[in-house]
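# Coordinate analysis (summary)
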Amino acid sequence: EISPDGRWLAYQSNESGNQIYVRPYPGVNSGRWQVSTMGGTQPLWARNGQELFYVAPDGALMRVAVERGPSWRSGTPAKLFDNMYVWTMVGNSGRSYDISADGRRFLAIKPATQQTGAPNNLIVVQNWFEELNRRVPAGTK
């Protein structure tokens, strides 16, 4: 993951157990800092570049404050919330969550629960651009 300002590369590596590291970018050989303390996967930058998130081995979502400046400086990892979501899926090697542009919400998958009521539905709209053009013709606001 490249930071929003393009200065840092956050990644997970198994060189000392699965941990999250940060290196300068593009000069990746000029430094390396371990961010996670107890392991981690799936790093994600906040859109403002002042926070770095990752998933801990116990499934908690972790947050690390990042200080802006000429060199790498970060705070201590803190738990945002416990293992309430599906962080890994079979066949998916990428990140399974994201953060909203305003940094106030996360998008993550909740595990299925046993329900006695109606099943959850997923509505898929194909060709939605055509429907949008039909409902809001060009030139109108």
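These remarks concern the structure in this document. Bear in mind the structure is a predicted one, so any value in this text is a computation, not a measurement.

## Description of the pattern of salt bridges
Summed over the entire model, instances satisfying the criterion amount to six salt bridges. In this structure, Asp-98 and Arg-47 form a salt bridge, with 3.5 Å as the shortest nitrogen-oxygen distance. Taken together, the residues span a long stretch of sequence, with Asp-98 in strand β9 (residues 98-99) and Arg-47 in the loop between β4 (41-45) and β5 (51-55) at a distance of 51 residues. With relative accessibility at 26%, the residue Asp-98 sits in the partly exposed group. Take Arg-47: its relative accessible area is 41%, and that puts it in the partly exposed class.

## Looking at the sheet that holds strand β1 (residues 8-13)
Spatially, three strands are ordered β1-β2-β3 in an open sheet, and the strand pairing comes out antiparallel. Edge positions in the sheet fall to β1 and β3 (33-34), since each of these pairs with one other strand and no more.

## Here we look at the nonpolar core
Burial of nonpolar side chains together is a common tendency in soluble globular proteins. Judged by nonpolar contacts, the single largest core of 14 residues is most densely connected at Val-22, Val-35, Trp-45, Leu-52, Tyr-54 and Trp-72. Of all the elements, strand β6 (residues 61-67) adds the most residues to this core, at three residues. When sequence neighbours within four positions are dropped, the list of residues in contact with Val-35 reads Ile-20, Tyr-21, Val-22, Leu-52, Tyr-54, Val-64, Trp-72 and Pro-77. Of all hydrophobic cores here, the second largest spans seven residues; its members include Leu-44, Ala-46, Tyr-97 and Ile-99.

Conventions we followed
- Residues numbered from 1 in each chain as written.
- Predicted model: local features only at pLDDT ≥ 70, side-chain atom pairs only at ≥ 80, totals over all residues.
- Heavy atoms only, no water.
- Salt bridge = Lys/Arg side-chain N within 4 Å of Asp/Glu carboxyl O.
- Helix = DSSP H or I, 4+ residues; strand = E, 2+ residues; numbered from the N terminus.
- Buried < 20%, exposed > 50% of the residue type's maximum accessible area, 1.4 Å probe, protein only.
- Pairing = 2+ DSSP bridges.
- Core = buried A, V, L, I, M, F, W, Y, C linked by side-chain atoms within 4.5 Å.
- Contact = heavy atoms within 4.5 Å.

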